[in-house]
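Report on the structure
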Amino acid sequence: MIKICQGRDGNGAKRLVFNLPTDEPPGRVSVVGSFNGWTPGRHHLQPHTTGRRTATVEVAPDAAVQFRYLGENGYWFDDPDNPDALDRADN
């Protein structure tokens, strides 16, 4: 699941909160996309006591965002709540 909020800088940036269950898939997961040069490991999802894990990134207000998740052992997957998120821009 992705939550889109107003960025903290006050200049119109978007704050994207990526949110997955803590144990699905098992192991470490990072979000990899256009906002981090498609570099694995830069934005690991961190577990919370709520049973979820999250990672937050800020992007320019007009940025087109593409992303996928990367789990352990090279397991790439799309957002389970929005499989078309790879082409997502301002939704």
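Since we're looking at a predicted model, the values are computed, not measured. (Residues numbered from 1 in each chain as written. Predicted model: local features only at pLDDT ≥ 70, side-chain atom pairs only at ≥ 80, totals over all residues. Heavy atoms only, no water.)

Summed over all chains, the structure comprises 1 salt bridge. For Asp78, the salt bridge is made with Arg68, and the minimal N-O distance between the two is 2.8 Å. Placement of Asp78 in the segment after β7 (76-77) and of Arg68 in strand β6 (residues 67-71) is noted, with a sequence separation of 10 residues between them. When its relative accessible area of 26% is taken as the criterion, Arg68 is described as partly exposed. (Salt bridge = Lys/Arg side-chain N within 4 Å of Asp/Glu carboxyl O. Helix = DSSP H or I, 4+ residues; strand = E, 2+ residues; numbered from the N terminus. Buried < 20%, exposed > 50% of the residue type's maximum accessible area, 1.4 Å probe, protein only.)

Among the nonpolar cores identified, the biggest contains 15 residues, and Phe18, Val31, Phe35, Leu45, Phe67 and Tyr69 are the most heavily contacted of them. When contributions to this core are tallied by element, the ones reaching two or more residues are β2 (14-21), β3 (29-33), β5 (52-59) and β6. (Core = buried A, V, L, I, M, F, W, Y, C linked by side-chain atoms within 4.5 Å.)

This part takes up the sheet that holds strand β1 (residues 2-6). Taken together, 4 strands build an open sheet; the order of strands is β1-β2-β5-β4 and the sheet is antiparallel. Two strands bound the open sheet, and with one partner strand each, they are β1 and β4 (46-47). Note that β1 and β2 share 5 bridges and pair antiparallel. When the bridges of β2 are listed, Ile2 appears paired with Phe18. (Pairing = 2+ DSSP bridges.)

Attention shifts here to the pairing of β6. The element β6 is largely enclosed, with a buried count of 4 among its 5 residues. Direction of pairing for β3 relative to β6: antiparallel, over a ladder of 5 bridges. Counterpart to Val32 in the pairing with β6 is Arg68. With 2 bridges connecting them, β6 and β7 associate as antiparallel partners. Considered in β7, the bridge of Tyr69 is made with Phe77.

When the pLDDT values of the protein are averaged, the result is 86; 88% of them are 70 or greater. Across residues 87-91, confidence stays below pLDDT 50; counting only partners more than four residues off in sequence or on other chains, it has 16 contacts. (pLDDT = per-residue confidence, 0-100. Contact = heavy atoms within 4.5 Å.)

This part takes up the sheet that holds β3. Pairing is antiparallel across the open sheet formed by 3 strands, whose spatial order is β3-β6-β7. One side of each edge strand has no neighbouring strand; the edge strands of this open sheet are β3 and β7.

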